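One-letter residues, chain by chain:
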Amino acid sequence: MRRKRRVGVPIERHAESIYTRRMYDKFYNELYSSGGYVIKSKDNDGNFEVAHSYTDGNPDQVRYRVRYDGGDKVYCQCGLYEHMGMLCRHSLKVLVHLDVKEVPSGNIMPRWMKNDPEPKTSICPIRRSDISGASLTVLKKRALLSHMMKVAYGTDEISDEAFTQAMAAVDSLVIRPASSSAATLQSTITDHNTNYKQSVAALSVPMPKSNSTIRCPDRPIKNGRPPHSTLKSWKDQQKRTRCVSTDEENPRGGKTRRIVDVLEFK
């Protein structure tokens, strides 16, 4: 289902086409908030001063300086783009005022785009702290891997001759003599089998006898709910106790007669 654009300016259409859903929502919040700002001043060099309209007439009004000269990037004093890679409401106010239809290319961070043009690799660059303690072999492998990643993700074509030479060079680094490889593999398998048997013998425990039970004991079941210890519960218990009577002729709570009435009846 296509999302409905809520502001309607041309730059919103472009942002919807390039940003991911989450970043587009953040962009919309900034674009919506830019409607409350006004441009206080501007010059011919592309410098603008933006302030919130709610603080008009306030001597302590905060003004943000925005610079945009029609190039591929807009700069703002608040530094939101430098912090998270998203244009702020002050910059968007200037772009909407100038009828800019697309987000400047210099303010589009590839990591927030739907289709990231930069390939994501797990290759870490060689740091200065790593060079001091790393061996020469590790540095050679890292340099070789870096060049191979550039070739793999590059757009240039590879000729058959270059491909054959590269594969031969890589095979010479990977393949080892068959005799030494077989001997190394056999010794490795033997060591693994020995270590496995020793670990199993060390961790073995005696199993229980067949006639012994390992079932958990039955859970005790209590009859009824436990009595409450509150004052209200005690008063209710006292009321129930007073209602119980052992006198069959004059039960408590039943109809009784006075002695005078009994004598008059006789």
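For clarity, every value in this text was computed on a predicted model and none was experimentally measured.

Rules and cut-offs
- Residues numbered from 1 in each chain as written.
- Predicted model: local features only at pLDDT ≥ 70, side-chain atom pairs only at ≥ 80, totals over all residues.
- Heavy atoms only, no water.
- pLDDT = per-residue confidence, 0-100.
- Contact = heavy atoms within 4.5 Å.
- Core = buried A, V, L, I, M, F, W, Y, C linked by side-chain atoms within 4.5 Å.
- Buried < 20%, exposed > 50% of the residue type's maximum accessible area, 1.4 Å probe, protein only.
- Helix = DSSP H or I, 4+ residues; strand = E, 2+ residues; numbered from the N terminus.
- Phe/Tyr/Trp six-rings, centres within 6.5 Å; stacked < 30°, edge-to-face > 60°.
- Lys NZ or Arg CZ within 6 Å of the ring centre and 35° of its normal.
- 1 Å grid on protein atoms, 1.4 Å probe; cavity = no way out; pocket = protein on both sides within 12 Å on 5 of 7 lines; lining within 4 Å.
- Points joined across faces, edges and corners; volume = space filled by probe spheres on them.
- Nonpolar A, V, L, I, M, F, W, Y, C, P; charged D, E, K, R; others polar.
- Axes fitted to C-alpha atoms, helices over the stretch in contact; angles between N-to-C directions.
- Parallel < 35°, antiparallel > 145°, perpendicular 65-115°, else oblique.
- Left-handed = near helix turned anticlockwise from the far one by under 90°.
- Pairing = 2+ DSSP bridges.

Examining the confidence of the model for the protein chain
In the predicted model, the protein chain carries a mean pLDDT of 75, and the fraction of residues at 70 or more is 64%. Counting contacts from residues 119–124, a segment whose pLDDT is below 50, to residues more than four positions away or on other chains yields 6 contacts. Confidence drops under pLDDT 50 across residues 128–133; counting only partners more than four residues distant or on other chains, this segment forms 3 contacts.

A look at the nonpolar core
Ranked by internal contacts, the top residues of the largest apolar core, which has 26 residues, are Ile-11, Tyr-19, Phe-27, Val-66, Leu-92, Leu-95 and Val-103. For this core, the secondary-structure elements that each account for two or more residues are helix H1 (10–18), helix H2 (21–33), strand S2 (47–52) and helix H4 (89–97). Looking at this core element by element, the count peaks at 4 residues for H2. For Phe-27, the residues in contact, after removing those within four places along its chain, are Ile-11, Glu-12, Ala-15, Tyr-19, Met-86, Leu-92 and Val-103.

Let's talk about the packing of aromatic side chains
Counted by the stated rule, this structure contains 2 aromatic pairs. Judged by centre distance (5.8 Å) and plane angle (40°), the ring pair of Tyr-19 and Phe-27 falls under tilted. Each member of the pair, Tyr-19 as well as Phe-27, carries the same accessibility label: buried. Relative to Tyr-32, the ring of Tyr-28 lies with its centre 6.1 Å away and its plane at 40°, an arrangement referred to as tilted. Of this pair, Tyr-28 and Tyr-32 are both found in helix H2, 4 residues apart, which corresponds to roughly one turn of the helix. A residue is classified by how much of its surface remains accessible, and Tyr-28, at 14% relative accessible area, is buried. In this structure, Arg-111 is placed above the aromatic ring of Trp-112, and the distance from its NZ or CZ to the ring centre is 4.6 Å.

As for empty space enclosed by the protein
With a probe scaled to a water molecule rolled over the atoms, the places where space remains empty come into view. Scanning the model with the defined rule gives 1 cavity of 30 Å³ or more in all. Looking at the largest cavity, its volume works out to about 60 Å³. Contributing elements (two or more residues each) for the lining of the largest cavity: strand S4 (75–76) and helix H3 (80–84). Sort the elements by how many residues they give to the lining of the largest cavity and H3 lands first, with 3 residues. For the lining of the largest cavity, the residue count by class is 7 nonpolar, 3 polar and 1 charged.

Focus on the layout of surface pockets
The space that makes up the largest pocket amounts to roughly 250 Å³. What lines the largest pocket is Leu-144, His-147, Met-148, Val-151, Ile-158, Ala-162, Phe-163, Ala-166, Met-167, Ala-169, Val-170 and Leu-173. Among the secondary structure elements, those contributing two or more residues to the lining of the largest pocket are helix H6 (136–153) and helix H7 (160–174). Among the elements that make up the lining of the largest pocket, the one with the highest residue count is H7 (7 residues). Residues belonging to the lining of the largest pocket are distributed by class as follows: 11 nonpolar, 1 polar and no charged.

Focus: the packing of H2 against H4
Between H2 and H4, the shortest axis-to-axis distance is 8 Å and the interhelical angle comes to 70°. Between H2 and H4, the interaxial angle falls into the category roughly perpendicular. You can see that H2 and H4 cross each other, and the crossing is right-handed. Of the residues in H4, those touching H2 at Phe-27, Glu-30, Leu-31 and Ser-33 are Arg-89, Leu-92 and Val-96. Each residue belonging to the contact of H2 with H4 can be placed in one class, and the counts come to 4 nonpolar, 1 polar and 2 charged.

A look at the sheet that holds S2
Reading across from one edge, S1-S2-S3-S4 is the order of the 4 strands in this open sheet, with antiparallel pairing throughout. Lying at the two open borders of the sheet, with one neighbouring strand each, are strand S1 (37–42) and S4. Where S1 meets S2, 5 bridges bridge the pair, whose relative direction is antiparallel. Its bridge partner lying in S2, Val-38 is registered against Ala-51. Most of the contacts of H4 go to S1, to which it runs at about 70°, and overall it touches S1, S2, strand S3 (63–67) and S4.

Points about H4
The set of residues buried in H4 consists of His-90, Ser-91, Leu-92, Val-94 and Leu-95. In this structure, the buried side of H4 is in contact with H1, H2, S1, S2, S3 and S4. Immediately downstream of H4, the backbone of Asp-99 shows phi near 60°, a positive value.

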